[in-house]
Amino acid sequence: AQSVTQLGSHVSVSEGALVLLRCNYSSSVPPYLFWYVQYPNQGLQLLLKYTSAATLVKGINGFEAEFKKSETSFHLTKPSAHMSDAAEYFCAVSDRGFQKLVFGTGTRLLVSP
Amino acid sequence: GAVVSQHPSRVICKSGTSVKIECRSLDFQATTMFWYRQFPKKSLMLMATSNEGSKATYEQGVEKDKFLINHASLTLSTLTVTSAHPEDSSFYICSATGLAGMVDTQYFGPGTRLTVL
């Protein structure tokens, strides 16, 4: 079975500061990994995905994530936070063959001026 | 590209009535669609997976007769909540994967907020 653990239900940063959202996964097979962002009362928007190509993945809005197999991690980072980054972020893992996504519990990013 | 729409965005209904939610892929053919339920401040729970022209596969604990899913075409899937009750109130989100080049990513709709009175 696959699972995702997101450490920290809330992360607070100041505008301009580094954003680091943590995600650890468990999978018995090589995984696909995803980060999605959700704004209030909206669906999920894909930020980036890892599908076995480059381990450092760049996404939209300046976000990137690095797949580290030895640490079973896929942390999301952004060098400089913007107020518009405030949202809920979900890490997810899938089994390539079955496409089912297993989501983490989400991390709410709060950005203060 | 890869836009998924849902209709309606919000619906309020009386207990005992049925509600239909539509999920459409606007610019690609969706071979597989997924239906999720999200409780307040919680993660997404997969309810079912549907492939065009086939019966949906429901996750354990999801009532097939209560949550009817139809995937009649490559661009449309519907979720019907039958005999809705207040405990069915939730945020329902669909997603879709497409043909070659898109099979490894789910694209999500904007969600439908269901309130059952």
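Residues numbered from 1 in each chain as written. Chains lettered and ligands numbered in written order. Predicted model: local features only at pLDDT ≥ 70, side-chain atom pairs only at ≥ 80, totals over all residues. Heavy atoms only, no water.

**Student:** Outline the pattern of salt bridges, listing residues and values.
**Tutor:** Under the defined criterion, the tally for this structure stands at six salt bridges over all chains. For the salt bridge of Lys 78 of chain A with Asp 85 of chain A, the shortest nitrogen-to-oxygen distance reads 2.8 Å. Here Lys 78 of chain A falls in the buried class, since its relative accessible area comes to 10%. Owing to a relative accessible area of 3%, Asp 85 of chain A belongs among the buried residues under this scheme. For Lys 100 of chain A, the salt bridge is made with Glu 59 of chain B, and the minimal N-O distance between the two is 3.1 Å. Here Lys 100 of chain A is found in the loop between β10 (87-95) and β11 (101-103), whereas its partner Glu 59 of chain B is found in the loop between β6 (57-58) and β7 (67-73) on a different chain. (Salt bridge = Lys/Arg side-chain N within 4 Å of Asp/Glu carboxyl O. Buried < 20%, exposed > 50% of the residue type's maximum accessible area, 1.4 Å probe, protein only. Helix = DSSP H or I, 4+ residues; strand = E, 2+ residues; numbered from the N terminus.)

**Student:** Before we move on, could you go through the sheet that holds strand β8 (residues 76-81) of chain B and cite the residues and values that matter?
**Tutor:** All names here are of chain B. Overall, antiparallel pairing links the four strands, which are arranged β1-β3-β8-β7 in an open sheet. The open sheet terminates on both sides in strands that have one partner only, identified here as β1 (4-7) and β7. Put simply, the sheet's adjacent strands are angled 15° from each other on average, direction ignored. Where strand β3 (residues 19-25) and β8 come together, six bridges link them in antiparallel fashion. Each residue of the ladder has a partner; that of Glu 22, found in β8, is Thr 78. (Pairing = 2+ DSSP bridges. Axes fitted to C-alpha atoms, helices over the stretch in contact; angles between N-to-C directions.)

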